[in-house]
Each structure stands twice: as C-alpha cells, then as structure tokens.
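Here's the letter readout for the chains.
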Amino acid sequence: EGFADSSVLKRILKLDKVAIDMRIRGCLVDQEALSSHYIQLLPRVTTLSEEFEKTYGVNLNSPKQLAVLLYDEMKLPMLSRRSTDEKTLEKLNERLIYAEEKEKLLLKEILEYRELHKITSVYCEGFFKLIHSDGKVHSSWETTGTNTSRWSSSKPNLQNVPKTMRDVVVPSIGKILIGADYNRLELWVAALLSKDEDMLELLRKNIDIHDIIHQEILKYYPKTVRQVSKTVVFGTIYGRGAKSIAEYFLVPVEVAKEWQEIVYGRFKGLQIYFEEKIPKEWQDSGGYITTLYGRRKYCESLPQAKNAPIQITAGEIVSNALIKLEEEGWSTIIQVHDQIVCEESNPDWEEFKSILETSTPELNSIFPVEGSLAKNWKEI
C-alpha cells in the first residue's frame, strides 16, 4: 500500500505495539472445557459419518464419491468444477434459495460433519498442541494481514474459533473478561461516507435495514428469503454488481439488477456515492482510493475501489479503539472482526464502552457496541 504522509506509518507502528502486547499476554485456555468439547463431539462425528454412508452409500471423507453424489446423482450446479471443499458447499447451500428439501438436507448433513470434524481436529487437537507452559495460547496478531486493514491471527487462528468453542478461553487468575462487538459497523460507515440521511436515521432508531429491503423485495419476489436482502445490501456496499449477485444466487442478472435497484431506490445517497463519487475519485487518482487516515489503497478494478472505503474505514475504527485502549492502560487479548476483548482486574463497563464508541471523532458519530463482562469468551 502507499502512504500519503508519515502519520500513516506512525499509526501502523502504534498498532504493531498493540499486537505484540496481545501476543505476549496470550489467552488462558480452560483445558477441562477443551477436553469436554472433544469427548462430546468425537462420537457425534463418527455417528454422522456412519449414518451418511448407510443412507447414501458414500464415504464423507472421499471427495471423489461426494462429487459423484452431488453433481452426477443430485445434479447440483457446479460452482468450481467438481469441488467438494467446505467453502464451495457453503456457497452452494446459500445460493440454492429455491432448492428442494432433499438437496438442502444433503448439504446440511455434509456441512455439519465438516464443521464438527474441523472443530475436533483443528480447534480441539490443534489447541492442545499450541498451549504453552503458562497454560495460554499466544497467537500471532498481524495488523496488516489483510487487504482491508482488518487484522489476522495465526498459531492459533483465534478469529476462526467457532462461537460454540469460545468458552475454552478464560481470564487469567484474579481477572475478568470484558468485551464488545460493534453493532452494524459497516452499515454505519456506508451511511456516513455516503451522507445518506435516510439510512443514518434508520440506524439511529435501531431499525433493521435488511428487514426494510426484504419487505420491498417480497413485493416482487414473494418466496425470497431474508438472506437475499442481506447479501444484496452488503453486496452493494462492497462494490458487487448485479452479475456477481446473480451468479451468487443462481438467478437471472435481470432479477439481481432489480434487487439492487430496490436498495438504491431506498437509499439515494448510496447510489451517488458508489456510482458517481468513488468511480470519479478512482479514475482521477490514477487507480487508488485515499482512506480516512491518508492510506492509499490501490485498486485494479472499479469493484475493488467501491469495496475499499467501507471495509478499510470499518477496520480503522476498530484499530482506533485498540490504540486508545492501549493508551488508557487496558489489556486487550482478542480482536476478532468487529469484536474486542480485554482482561482486567476491575473493569469499568461504561469507560470501556465509551472508548469503543467514541474512538473516531473525525466521523462525528458514535458507533454503538454491545457486550458485557464475562467469565469466558463465549459469554460476551
């Protein structure tokens, strides 16, 4: 990435300090809880495998046999040749909004097995191997690990730990966990950057934007599930065009275009921002978008340019909170997407909440959070 001035580099160095401190602190693991998950899940994984083979005559661990079942016998559409990997099947499951029940059930059984098998192997067996002598895992946090200013985590990857497994992370002796998630952060950012007052008003009143769009779509497409409206709203603010959305849900481009027009029809400011302002900035600059703190994001295509401001600004809001917490003496141990978790001896919820909600005064907005104090990560 490019830097508009040295302040961007100074900001990155501040974030690196937070990341290093988080790695040093680590996360205490409740090894009894971890063992309990493993003992409970292992029989379920075995049963699912045996029942599936009995019903379909297919070994769940054989990609070749699964491909024959999915694409030859069930005639499901191929998104990536004859792939049976988890991401492909998850996408297929989301996109088949008008599929028959037997098709949905089949994908549900495969995905359930994959999820539980992953938990037992990656998050149970894998966690045990990474626990240090102090009883903690010390994840490596990368502040520039993604293209969107979001953080990444490895050894172990705490950002992918399933919510059902998060009770294995507990506070150190004499401390308690405190954490919060930003509420609809990317929608707030989209509304603020596009100056769409209608959208901002709905957010301030805590009205569900996805429900509003879903009701509009239902007028023309009565069988459409809510997931469609959510994907169309987020797809629009992530720079996806009608063709991309159509391919995602396996519907005609004309249908996806009408869905997207409903979003733009409801929020005119979004349309001006994404269809006029960003394309002009990207073209005039010669291929980059300048973000809130002067970071230049070089984009090879217009969809990438449309995606960049929302994603990066949301990431910067979270980063602002992490820096401010560090400066105020808080002990952050986890940063996952729009969630921050600290461990403290006597945490003040109102102070913690205020730091997160007011960390970005440049945008002249409070970014609401929801969270709590807890005895393990899952309770937050």
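Please refer to the structure higher up on the page.
Residues numbered from 1 in each chain as written. Predicted model: local features only at pLDDT ≥ 70, side-chain atom pairs only at ≥ 80, totals over all residues. Heavy atoms only, no water.

**So, empty space enclosed by the protein**
Applied cut-off: Only protein atoms enter the 1 Å grid used here, on which a cavity is any set of points holding a 1.4 Å probe that cannot leave and a pocket is any open set flanked by protein within 12 Å on both sides along at least five of seven lines; residues with an atom within 4 Å of a point are listed as lining. Grid points are joined across faces, edges and corners, and a volume is the space filled by probe spheres set on the points. Only DSSP runs of H or I covering at least 4 residues are called helices, and only runs of E covering at least 2 are called strands; the numbering of each starts at the N terminus. Amino acids outside the nonpolar list (Ala, Val, Leu, Ile, Met, Phe, Trp, Tyr, Cys, Pro) and the charged list (Asp, Glu, Lys, Arg) are all regarded as polar, and Gly is one of them.
The full count for this structure, using the stated rule, is 1 cavity of 30 Å³ or more. Of the volumes computed, that of the largest cavity is approximately 30 Å³. S149, R150, W151, G315, V318, S319, Q335 and H337 are the residues that line the largest cavity. Of all the elements, helix α13 (residues 302-327) adds the most residues to the lining of the largest cavity, at 3 residues. Looking at the lining of the largest cavity, its residues break down into 2 nonpolar, 5 polar and 1 charged.

**A look at the sheet that holds strand β3 (residues 136-137)**
Counted only if it meets this: Should DSSP find at least two bridges between two strands, the strands are regarded as paired.
Here 3 strands make up an open sheet; going across it, the order is β3-β2-β6 and the pairing antiparallel. Both outer strands of the open sheet, β3 and β6 (169-170), are each paired with one neighbouring strand and no more. Here 2 bridges tie strand β2 (residues 27-29) to β6, and the two strands are oriented antiparallel to one another. Among the inter-strand pairings, V29 is bridged to a residue of β6, identified as V169.

**Remarks on unusual backbone geometry**
How we decide: Relative accessibility under 20% of the residue-type maximum defines a buried residue, over 50% an exposed one, and the middle range a partly exposed one, all with a 1.4 Å probe and only protein chains included.
Following K155, the chain continues into P156 via a peptide bond in cis, with omega recorded as -5 degrees. Mapped onto the elements, P156 comes out in the loop between β5 (152-154) and β6. At N206, a residue that is not glycine, the phi angle is positive and equals roughly 60 degrees. Residue class for N206 comes out exposed when judged on its relative accessible area of 53%. With a phi angle near 50 degrees, N364 is a residue other than glycine that sits in the positive phi range. With respect to the helices and strands, the residue N364 is situated in the loop between α14 (349-357) and β12 (369-374).

**Here's the deal with the layout of surface pockets**
Empty space among the atoms can be located by rolling a probe the size of a water molecule over them. A volume near 750 Å³ is recorded for the largest pocket. Around the largest pocket, the lining comprises 14 residues; the ones closest to its centre are E90, E94, Y238, Y248 and H337. Elements represented by at least two residues in the lining of the largest pocket include exactly α4 (86-95) and α9 (226-237). For the lining of the largest pocket, the element with the highest residue contribution is α4, accounting for 5 residues. Tallied by class, residues from the lining of the largest pocket come to 3 nonpolar, 2 polar and 9 charged. The computed volume of the second largest pocket comes to approximately 310 Å³. Along the walls of the second largest pocket sit 17 residues, with K163, D181, V336, H337 and D338 positioned nearest its centre. Its residues assigned to classes, the lining of the second largest pocket shows 7 nonpolar, 4 polar and 6 charged.

That is the geometry; function is a separate question.
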